[in-house]
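Now for the letters of each chain:
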Amino acid sequence: MRTIKPVKVGDCLLDGKHIYIQSMLNRRSDDIAGSVEQALALEQAGCEIVRAAIPDMDAVRLVGALNEKLRIPLVADIHYDYRLAIEAAAAGVDKIRINPGNIGDMDRVRQVVEACKSRQIPIRIGVNSGSLEKELLAKYGAPTPEALVESALGHVAILNRFDFDDIVISIKSSDVPTMIRAYRLAAQKCPYPLHLGVTEAGTERMGLIKSAIGIGALLADDIGETIRVSLTDDPIKEIAAARDILKGVGKRKGVQIVSCPTCGRTRIDLVKAAKEVEAAVANLDKDIKIAVMGCIVNGPGEAREADIGVAGGDGCAVIFKKDQCLRKIPESEIVPELLKEIEKL
């Protein structure tokens, strides 16, 4: 098990005991009202840490507006201009995302560190394959996992030089195997909390697939303290996807649906039933497993292992609760009868 140096981001403690879901605002930074509206929607959907781009001094106004309404921690995304980091810290952000190596000389880094240290604000070092230093590209020939980790640890060393150790690291790539290997290597080499993500993962379908593979593989290795599913879409979809990934690898409790892919033995419209059940329990706050199975081959066994489930017959189905067969029902009653039993749990 990896030993993690705990880092506090607002009220969130990154120590490996809870994996936090993040997202990022995609409204224009000068759209204050729209950004606040989107941040509140993300919080309502289950986002636990939200990030906002601060591209210029005018955008610093966004920090106060968000803090006034939000209960979750706010991260300021800063590139190049060290003054933005200092002003964002003064405005009350809970974390700064910056790369110390690209903001100028060491005096500028020192000023950022002092601003963060005095307010107990952590710094997230964000490295990705598209912004790797030229000397590392020359050394490794490509943004390899080793190059990405060397870059991240180089930025860590800069912060350590100023006696700063409240650090979170992200090492992202749009190439899933590179991303996985880089995080695994980083987990071996440093104790800092890791923020997982596949950068520029794509639109909803492919972005979900790539994120599930990359993030899921690392979570299964017990690597990662925060995650972000990066989609070219409404960021609300990122939250649902992140929750499903966490549930899929057993890192988050909640409703899980087990359903079979159907075959020639199926005599009910299982696809329709499974989708209706999924939609009906989407916002259910219960830690249960629901089985929606098509026939008697695997159905009763899988359904018995779930908290509640159905196994299809010929135009009918049987409802199971754990290892108990409750009753036989017609196909038309599968969803309402199953939901009745779920309400009792």
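Structure's up top.
Summary of the structure given here. Residue positions are given per chain, counted from 1 along the sequence in the order it is written. At least 70 in pLDDT is required for a residue's local features to be given in this predicted model, at least 80 for side-chain atom pairs to be given and counted, and no such filter applies to totals for whole chains, interfaces and linings, which use all residues. Side-chain numbers come from the whole structure's heavy atoms, not from hydrogens or water.

### A word on the pairing of strand β14 (residues 316-321)
- The pairing of strand β13 (residues 308-312) with β14 spans 4 bridges and is classified as antiparallel. Looking at the pairing, Val310 lines up with Ile319 of β14.
- Strand pairing is assigned whenever DSSP identifies at least 2 bridges connecting the two strands. Every helix listed is a DSSP run of H or I at least four residues long, and every strand listed is a run of E at least two residues long, numbered separately from the N terminus. Between β13 and the antiparallel strand that follows it, β14, lie 3 residues; Gly315 among them carries a positive phi value of about 75°.
- In the sheet, β14 pairs with strand β15 (residues 324-330) via 6 bridges, with the strands oriented antiparallel. Bridge pairing links Cys316 to Pro330 in β15.
- Counting the residues between successive antiparallel strands, the hairpin from β14 to β15 contains 2 residues, one of them, Lys322, with a positive phi of roughly 55°.

### A look at the sheet that holds β13
- Here we have 5 strands laid out as an open sheet, ordered β11-β12-β13-β14-β15, and mixed in their pairing. At either end of the open sheet lies a strand with only one pairing partner, and these are β11 (256-259) and β15. On average, adjacent strands in this sheet sit at an angle of 20° to one another, irrespective of strand direction. Each axis is a line fitted through C-alpha atoms, and for a helix only the stretch in contact is used; angles between axes span 0 to 180 degrees, taken between their N-to-C directions.

### Topic: unusual backbone geometry
- Here Gln120, not a glycine, exhibits a phi torsion of approximately 55°, which is positive.
- Any residue under 20% of the maximum accessible area for its type is buried, any over 50% is exposed, and the rest in between are partly exposed; the area is computed with a 1.4 Å probe on protein chains only. Judged by its relative accessible area of 68%, Gln120 is exposed.
- Within the chain, Asp163 stands out as a residue other than glycine whose phi angle is a positive 60°.
- Within the secondary structure layout, Asp163 lies in the loop between α6 (145-161) and β8 (167-172).

### Concerning the pattern of salt bridges
- Each reported salt bridge corresponds to a side-chain nitrogen of Lys or Arg within 4 Å of a carboxyl oxygen of Asp or Glu. Scanning all chains against the criterion turns up 23 salt bridges.
- A salt bridge links Glu43 to Arg71; its shortest N-O distance comes to 3.7 Å. Of this pair, Glu43 sits in helix α1 (residues 32-45) while Arg71 sits in the loop between α2 (61-69) and β5 (74-77), and the two are 28 residues apart along the sequence.
- Here Arg71 falls in the exposed class, since its relative accessible area comes to 69%.
- The salt bridge involving Glu150 is made with Lys139; its shortest N-O contact spans 3.0 Å. On the criterion of sequence distance, the pair formed by Glu150 in helix α6 and Lys139 in helix α5 (residues 134-140) is long-range, its members being 11 residues apart.
- For Lys139, a relative accessible area of 53% gives the class exposed.
- Through salt bridges with shared partners, one network takes in Arg327, Glu337, Lys340, Glu341 and Lys344.

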